[in-house]
Amino acid sequence: MVPAVGPKVPLVNLGDGTALLTDQYELTMLQAALRSGTAGRRAVFEVFARSLPAGRRYGVVAGIGRLLDAIEAFRFEDAELEFLTANGIVDEPTARWLEKYRFTGNVWGYPEGECYFPESPILMVEGTFGEAVLLETVALSILNHDCAIASAASRMVQAAQGRPIIEMGSRRTHERAAVAAARAAYIAGFTTTSNLEAGRLYGVPTAGTSAHSFTLLHDSERHAFEAQLAALGGGTTLLVDTYDVERAVRAAVELAGPTLGAVRIDSGDLGVVARRVREQLDSLGAHGTRIVVTGDLDEYGIAALAAAPVDGYGVGTSLVTGSGAPTASLVYKLVARADGPEEDAPMRPVAKRSTGKPSRGGRKTAVRRVDGHGVAYAETVFTTEPTTGPRDRVLQVPLVRDGEVVGSEALGDARERHARAVAELPPTALQLSKGEPAVPTEFVNGGPRR
């Protein structure tokens, strides 16, 4: 059962807003477009990845909720405007335009937890060029990070085969990235996080007991265990590899009794040690005491422990670094623009022709094709009105309508969506060996690649 998520809390403490979480060239483009009279042209931007990290079979959408919070907070207040003008970054006419900035356009996107593939149009931003181009950097910084974390976390969850995983990477990344990583990991199926701010802001369940320093603080390991049991009760998890594992396990059961909640192993050959500990626990009558393992685990390490008597995992560094792919390599590209400033001016598809970095023009709609067995077999992208079968579904949903956020949802909904999305993928998607994307992306009425 997914824990209830409390009322929406603002993103994080970002001072006056999110407007300066951007690159300077967004503002210089705006200034030049204002000068040329093109800033008011309607435009459509698309977020997509040209490819997945090498060998990955699917990606996971995460960060949409954080992005919606960032759009709501995207305001140029006095402090931001003073910085921009004092440093000559924008001129006075541009500053006056920014002072009134509010995003009034529309955003559609894949909802959080959904899977994506190369060239999936996971976000579409429509508005005037001026208001939409300013969202590029903040959108990419949030989505590139969160999608990378969620994609790695999903692989770990699949490797765990139903065993719970604790997210514990806060000490291995930026303090704010740690909060976002915990949120993304929970969407992808992690059970809990050690990060309390993620619990406060997003309702992610939290967990944690003690580190080696707590054992070292006391005159003996037994004294440390006694103190922890007195404070936290017999259901706690005792760390048993500070000194001698066998002696620690014996002391733990003697002190807590056979109903001790769990023991944690953080070093050594985890599979071998876990088997020895399981045998010892069973011999002492502690058949229900769980074994949790930690220590530089990734999806491959978790998979290697599939046959070991392990009941749960803790993952830190590999999770918060995307397990070797710390960015999702998403890009934010203009795919359509109006021929003139008039509201009814016809829209024209536009696309890059750059070698190695092409794009496809036109506003797009993506459809997940599902066969009679409930297995996805294609991602079909339309630049015209889509056609769908009885089992197919349109992937993009409204997120912002006329400047108002309409796509906020409980984190538990995204978590449940991801479980459904992964269950829909073909079996090859869950393999950890390198391979092609599990679902091909096909374009309809999109014209040739340019």
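In what follows, the structure referred to is the one given above.
Residues numbered from 1 in each chain as written. Predicted model: local features only at pLDDT ≥ 70, side-chain atom pairs only at ≥ 80, totals over all residues. Heavy atoms only, no water.

Asks: Please give an account of the sheet that holds strand β18 (residues 404-405) that cites residues and values.
Replies: Taken in spatial order, the seven strands line up as β13-β12-β1-β5-β3-β17-β18 in an open sheet, and their pairing is antiparallel. Among the strands making up the open sheet, the edge pair consists of β13 (347-349) and β18. Alignment of strand β3 (residues 106-109) against strand β5 (residues 123-128), held across four bridges, turns out to be antiparallel. What sits directly across from Asn106, in β5, is Glu126. The strands touched by helix α2 (residues 64-72) are β5, β17 (397-401) and β18; relative to β17, the strand with the most contacts, the crossing angle is about 15 degrees. (Pairing = 2+ DSSP bridges. Helix = DSSP H or I, 4+ residues; strand = E, 2+ residues; numbered from the N terminus. Contact = heavy atoms within 4.5 Å. Axes fitted to C-alpha atoms, helices over the stretch in contact; angles between N-to-C directions.)

Asks: Can you tell me about unusual backbone geometry, naming the residues and giving the values?
Replies: Here the phi dihedral of Asp296 falls at roughly 55 degrees; this positive angle occurs in a residue that is not glycine. Overall, Asp296 belongs to the exposed group, its relative accessible area being 72%. One non-glycine residue, Ser323, adopts positive backbone phi at about 50 degrees. By the element assignment, Ser323 lies in the loop between α14 (317-320) and β12 (330-338). (Buried < 20%, exposed > 50% of the residue type's maximum accessible area, 1.4 Å probe, protein only.)

Asks: Mind laying out the pattern of salt bridges, listing which residues take part and the relevant values?
Replies: Here the structure, examined in full by the defined rule, presents 23 salt bridges. A salt bridge links Arg368 to Glu379, with the nearest nitrogen and oxygen atoms 2.5 Å apart. Here Arg368 is found in strand β14 (residues 365-370), whereas its partner Glu379 is found in strand β15 (residues 376-382), with eleven residues between them in sequence. Across the pair, exposure class does not vary: Arg368 and Glu379 are buried alike. In the salt-bridge network here, residues are joined through shared partners; they are Glu114, Arg368, Glu379, Arg393 and Glu424. (Salt bridge = Lys/Arg side-chain N within 4 Å of Asp/Glu carboxyl O.)

Asks: Account for the layout of surface pockets, naming residues and giving values.
Replies: In this structure, the largest pocket encloses a volume near 880 Å³. Along the walls of the largest pocket sit 34 residues, with Ile166, Met168, Arg264, Thr294 and Gly314 positioned nearest its centre. Of all elements in the fold, only β10 (290-293), β11 (312-315) and α14 reach the threshold of two or more residues within the lining of the largest pocket. Sort the elements by how many residues they give to the lining of the largest pocket and β11 lands first, with four residues. Residues that form the lining of the largest pocket fall into these classes: ten nonpolar, 18 polar and six charged. (1 Å grid on protein atoms, 1.4 Å probe; cavity = no way out; pocket = protein on both sides within 12 Å on 5 of 7 lines; lining within 4 Å. Points joined across faces, edges and corners; volume = space filled by probe spheres on them. Nonpolar A, V, L, I, M, F, W, Y, C, P; charged D, E, K, R; others polar.)

In short, shape yes, function no, at least from these values alone.
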